[in-house]
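Here is how the chains run, residue by residue.
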Amino acid sequence: MLEHPKVELLTVNRDDVNDPLSAWSKHAFELDGAEWPSVEHYYQAMKFEDADYREKIRHAEHPKQAVKLGHAKFKKRRKDWKKNSVTYMIRGTYTKCRTHREVADKLLESGEIKISNLTMYDYFWGSGRDMRGKNNYGKVLMAVRDKLNEEAAG
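Residues numbered from 1 in each chain as written. Predicted model: local features only at pLDDT ≥ 70, side-chain atom pairs only at ≥ 80, totals over all residues. Heavy atoms only, no water.

Participant: How should a nonpolar patch on the surface be read in this particular structure?
Facilitator: Judged by side-chain polarity, L9, L118 and M131 come together as a nonpolar surface patch covering roughly 250 Å² of accessible area. As for its position among the elements, L9 is in strand β1 (residues 9-12). (Patch = residues over 30% accessible without salt bridge, like charges linked within 9 Å, V, L, I, M, F, W, Y side chains within 5 Å. Areas by Shrake-Rupley, 256 points an atom, 1.4 Å probe, with all protein chains shown as cover. Salt bridge = Lys/Arg side-chain N within 4 Å of Asp/Glu carboxyl O. Helix = DSSP H or I, 4+ residues; strand = E, 2+ residues; numbered from the N terminus.)

Participant: Is there a simple way to explain the layout of surface pockets in this structure?
Facilitator: Picture a little ball the size of a water molecule; that probe, rolled over the atoms, points out where space is still empty. Space inside the largest pocket adds up to approximately 440 Å³. If you go around the largest pocket, you meet 22 residues; those closest to its centre are R14, Y43, H71, D122 and W125. Those elements that place two or more of their residues in the lining of the largest pocket are α1 (39-45), α3 (63-70) and α4 (81-99). (1 Å grid on protein atoms, 1.4 Å probe; cavity = no way out; pocket = protein on both sides within 12 Å on 5 of 7 lines; lining within 4 Å. Points joined across faces, edges and corners; volume = space filled by probe spheres on them.)

Participant: Help me understand the nonpolar core, please; the structure alone is not making it clear to me.
Facilitator: Side chains of a nonpolar character, in soluble globular proteins, are inclined to be buried together. Residues W36, M89 and L107 are the most contacted members of the largest nonpolar core, which totals 36 residues. Those elements giving two or more residues to this core turn out to be β2 (29-31), β3 (34-36), α1, α2 (51-58), α3, α4, α5 (101-108) and α6 (136-153). Among the elements that make up this core, the one with the highest residue count is α6 (6 residues). Those residues in contact with L107 that lie beyond four places of it in its chain are L21, C97, I115, L141, V144, R145 and L148. (Core = buried A, V, L, I, M, F, W, Y, C linked by side-chain atoms within 4.5 Å. Buried < 20%, exposed > 50% of the residue type's maximum accessible area, 1.4 Å probe, protein only. Contact = heavy atoms within 4.5 Å.)

Participant: Any chance you could explain the packing of aromatic side chains here in plain terms?
Facilitator: The way to describe two aromatic rings as a pair is by their centre distance and the angle between their planes. Inspection of the entire model under this criterion finds 9 aromatic pairs. A ring pair is formed by Y43 and W81, whose centres lie 5.1 Å apart and whose planes are at 55°; its orientation type is tilted. Here the residue Y43 occupies a position in helix α1, and W81 occupies one in helix α4, the gap between them amounting to 38 residues. Across this residue pair, the class does not change: Y43 and W81 are buried. Consider the rings of Y43 and W125, whose centres lie 5.4 Å apart with planes at 85°: the pair is edge-to-face. Pair noted here: Y43 is in helix α1 and W125 is in the loop between β4 (114-117) and α6, with a separation of 82 residues, a long-range link. W125 sits in the buried class, given a relative accessible area of 6%. In this structure an aromatic cluster arises from ring pairing among F29, W36, Y42, Y43, W81, Y88, F124 and W125. Just above the ring of Y43 sits the side chain of R14; from NZ or CZ to the centre is 5.8 Å. (Phe/Tyr/Trp six-rings, centres within 6.5 Å; stacked < 30°, edge-to-face > 60°. Lys NZ or Arg CZ within 6 Å of the ring centre and 35° of its normal.)

In structure tokens, the structure reads:
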């Protein structure tokens, strides 16, 4: 009988407001001179150079509303957005972890296992329905975890 290797995987869902590791969780933090209600609010606002529109996103009542504003077709995105979008997600997630010890602890408790953002249709931030997605949000969490471990060891 063949033995299958044990695969350890922590699954998250980026838009689960109840999961502290989610970008939608309501763990406010201060970054770039403002207080952001969630990583998702920060991420969506950073798409735009228009300060008034960023403020509108920052004040969105729910992360879902921030996403809707971030997807506005009538607003011009920053020219460097595609190149820097993951960096903004990392900055927001790292700052949230540094602001909320319990979030950092939950991330650190995952040890060295792979983290995957389980999604059906998002092949950029998530795994997609066939697990062939880029899983960039999972990679963001693992990069932040590595940085927190590095700082703890330093």
